[in-house]
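Fold and contact review
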Amino acid sequence: METALKESYIQKVNRYMGLQREDARISKSYLFVAFVALLLGGILGLLQGLNRAGMLELPYWLNYYQVLTAHGVLLVLVLTAFFTIGYFYAGLSHTLGGLLPKVRKMAWIGFSLKIVGFVFAVIPILLNQASVLYTFYPPMAASPYFYIGLVLIVLGVWMCAFGAFINVAHWRKNNRGQNLPIFSFFATGVFVLLFFGSIPVAIEVFMIIPWAFGWVETINVMLSRTLFWAFGHTLVNIWYLTAVSAWYVIVPKVIGGRRFSDTLTRIVVILLVVMNIPGGFHHQIVDPGISQEVKFLHVFMSLSIAFPSLMTAYAMFSVFERTGRKQGGKGLLGWYKKLPWGDVRFLAPMIAMIAFIVGGAGGIVQSTNQLNQVVHNTMWIVGHFHITVGTSVILTFFGITYWLVPYISNRTLTPKINRLGVIQTFIWTVGMLFMAGSMHYVGLLGAPRRTSYTTYGESATAMGWDPFMILIAIGGVLLIVGVLLQVYAVFHLMFRAPKGKTEFPIAEREEHDTYTPYWTERWGNWIVIMLLLIAMGYVIPIVDFTINAPPGSPPIKTW
Amino acid sequence: MKQSLIGLLLFIVLSLPPVVTLLESIMIIHMHMQMPLLVIAGALFGRYFQIHFPHFWEKWNGNGIPGITLFVIIAVYWSIPRTMDDALTYPSVEVFKFMSLFLLAGVPLYDSWKRLNVTLKNSVFILFTILFLSMGWLYLNVTQQLCNNYLLIDQITLGWGSAAMGVCIAIYLLYTTFTDPSQYE
Ligand code: HEM
Ligand SMILES: [Cu+2]
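Residues numbered from 1 in each chain as written. Chains lettered and ligands numbered in written order. Predicted model: local features only at pLDDT ≥ 70, side-chain atom pairs only at ≥ 80, totals over all residues. Heavy atoms only, no water.

Under an unreviewed UniProt entry, the name given to chain A is Cytochrome C, and the organism recorded is Pontibacillus marinus BH030004 = DSM 16465.

If you want it as structure tokens, here you go:
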């Protein structure tokens, strides 16, 4: 009792004092790593773009697939994971009155595990012994140490997930009957997905390690692909949910408005968490071994994610319109002029949302079997995820940095850096329009993804791709300028910008918002429903793959 | 009213011939998706009966036990392999399956659930945990084909699926037993 009292007293003090130095250090370290990864990954991306346009031949000691593996791992594993954890830990600390000392320790252990794991994974990549791309599909086999690194990264993520759960449970015990602050509600959803989503990949990696060491001879290829995508797809939705958290909670505050309905927001989070993991099958639409009927049923699972997404689109535009009108916007569309377009904290996520409309439409195309046959494994797919993760998610993250980094560094966003951010957003948008736009188009013309420059013996078809590949390279050059500006902005805000207080912008509820029912808080129930859906989604193919398993494949080094 | 309309609509969609063919082509989808969806449709539609015949329910289902008993009987009946086979073979049995799951399982479930006390609710969960786990055990261990209409692999899949559902309900029961909501709420 006494310790509880003391703790809540400390928490109260901390709340008045604003941020906690020690918690901020955690987020700062995570964001630091994230943006170093952006810088390195971006440079590698440029090399790829130039290579595919036939403008750059990589030196003999640097293999295209090695570069592509590093680009994928740095940008979709390191950048996103470190950003997500740094961002949500800052928000947990802010909205729950500080992290518990135990949780702080867990976050640091998680950080070290991830860094050590990353070093384990990177060394074989640098030695060209793990050019298996970030999806590491068997039967391609990397050095076993690459997979051991992945295990450590997963363990690090679990540490952070459990840290978050402990902090949330602690808050709820001290604030009985209250709804979790909305930001922490999003964080809970994300960490639930991170934990359950990384279980399948952990199982996969434990299948791979003995095989990569040569202790077992063969591996079940289809099973490992399926386990990979149960994770990979969830990871995608973790980024998405992270971006969505900023759209619902932060952006309304930045534009001087209020949040959309609290209950509906929480329902969107719950739906995205519960329905997520079985969605992984849409990455296997042309894989063998899954019957047409099962694939057809899974289309519904995939498209059901469109429902909370449409709700989100509606919610955002309703918030924008309401806020714009309150500030005097007139007429059918006059409100949009009232939005703070010159504020990078709004502009970047706004463009991200617009990009998501395009990305979502592309996603629906790819979920359709017949259309998937046209675009599968072409550059279209590369265009698709540079629009979704490379624009929608990343631009939201960029927009977040302009207040989050000063907040955790006790500094302020200067008008100069804001202007830099606006220019950066503009460059990124144009760069991606060039790059992702041409990628989509050249994909329709048949250009394959994950293939270094080749003319296929001067084939006319392949030569026809070249103009678009050059556009891709031009986009890549713009993007690398964007990367440099963004990385500069982050490090400037972290170490150089003028000292001062920056607010953690969390929007208030709407004045007449309805009461939020407490059942939204019962995460145990949501998790059980989620497990049921996972069981139903996976049981048919997995039983089929294991009972009717082919002999399996020995490890193969294709590079 | 909207709720009962959604239930009716769901029932109609589930009765469309292509939907029926698709869902019944896979054994586990037949048992663990089509049938529960019919029950859910019935439960949504149950609102209609509650509004229009409140006295009937008050009189016959005051403590929820008759309704839940009916639900359990119907649910258990349709988990017998033979009955599934018959539904695929005889159109009349198929019609009975649709109507019974919709009207005799879904509708009473909706009316009864709120009337049951915690012990009874948990008993229902325990019953289904045992049912699903034993079905899982049965289907995983029987080496003969139990249905004319489905292969052995379908049966094994159904076994794993049922076992997994049993485990999920067990997790739920453990979760409600070992967490104390009064600490949080
Ligand atoms: C400077 C900016 C960037 C450039 C120039 C760039 C360029 C490229 C190119 C040319 C490819 C490869 C195509 C192929 O051969 O299949 C690629 C792949 C990829 N990019 Fe980027 N990209 C950039 C930024 C990003 C960002 C910000 C992300 C995600 C956050 C990202 C994620 C990926 C992924 C996941 C792949 C696929 C790797 C694989 O197929 O294994 N990229 N990128
Ligand atoms: Cu996906």
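So, on to the overall build of chain A. When you go through chain A residue by residue, the secondary structure sums to 16 helices and zero strands. Relative to its length of 559 residues, chain A is compact, with a C-alpha radius of gyration of 23 Å against a globular reference of 24 Å. Its C-alpha atoms give chain A principal-axis dimensions of about 65 × 50 × 45 Å. Burial statistics for chain A: of 559 residues in total, 60% are counted as buried. Contacts in chain A between residues at least 24 apart in sequence constitute 85% of all its contacts with a sequence separation of at least 6. A total of about 22400 Å² of accessible surface is found on chain A, and carbon and sulfur atoms cover 69% of it. The average position of the 38 basic charges and that of the 21 acidic charges among the side chains of chain A differ by 10 Å. (Helix = DSSP H or I, 4+ residues; strand = E, 2+ residues; numbered from the N terminus. Rg over C-alpha atoms; globule rule 2.2 N^0.38 Å. Buried < 20%, exposed > 50% of the residue type's maximum accessible area, 1.4 Å probe, protein only. Contact = heavy atoms within 4.5 Å. Areas by Shrake-Rupley, 256 points an atom, 1.4 Å probe, with all protein chains shown as cover. Lys, Arg positive; Asp, Glu negative; His and termini not counted. Charge placed at Lys NZ, Arg CZ, Asp CG, Glu CD.)

Attention shifts here to the site of ligand 1. Residue and element names in this part refer to chain A. Taken together, 26 residues lie around ligand 1, and Tyr64, His71, His386, Arg449 and Arg450 are the ones closest in. Those elements that provide at least two residues to the shell around ligand 1 are α2 (21-52), α3 (64-95), α13 (379-409), α14 (415-444) and α15 (460-495). When residues in the shell around ligand 1 are grouped by element, the largest group, six residues, is from α2. Its residues assigned to classes, the shell around ligand 1 shows 15 nonpolar, eight polar and three charged. (Near = heavy atom within 4 Å. Nonpolar A, V, L, I, M, F, W, Y, C, P; charged D, E, K, R; others polar.)

So, on to the UniProt feature "transmembrane region" (unreviewed entry) in chain B. Feature annotation in UniProt assigns "transmembrane region" (unreviewed entry) to the following positions: residues 61-80, 92-110, 122-140 and 152-175 of chain B. Helix makes up 100% of residues 122-140 of chain B and strand 0%. Its end C-alpha atoms lie 27 Å apart. (UniProt positions renumbered as here; feature names shortened; annotations may be inferred.)

Here the focus is the side chain of Thr157(B). Inspection of the secondary structure assignment puts Thr157(B) in helix α9 (residues 152-178). In this view, Thr157(B) contacts Val539(A), Ile540(A), Val543(A) and Ile28(B); residues no more than four positions away in its chain are not counted.

Moving on to the packing of aromatic side chains. Considering all chains together, one arrives at 63 aromatic pairs over all chains under this definition. Aromatic side chains Tyr456(A) and Trp465(A) sit 6.0 Å apart centroid to centroid with 90 degrees between the ring planes, which places their arrangement in the edge-to-face category. Ring centres of Phe11(B) and Phe98(B) lie 6.1 Å apart, and the angle between their planes is 70 degrees; on these two criteria the pair is classed as edge-to-face. Of the two residues, Phe11(B) sits in helix α1 (residues 2-15) while Phe98(B) sits in helix α7 (residues 91-113), which places them 87 residues apart along the sequence. Using a relative accessible area of 7% as the deciding quantity, one classes Phe98(B) as buried. The ring of Phe82(A) has Lys114(A) lying over it, and the distance from NZ or CZ to the ring centre is 5.4 Å. The cationic tip of Arg225(A) hangs over the ring face of Tyr137(A); the distance from NZ or CZ to the ring centre is 4.2 Å. (Phe/Tyr/Trp six-rings, centres within 6.5 Å; stacked < 30°, edge-to-face > 60°. Lys NZ or Arg CZ within 6 Å of the ring centre and 35° of its normal.)

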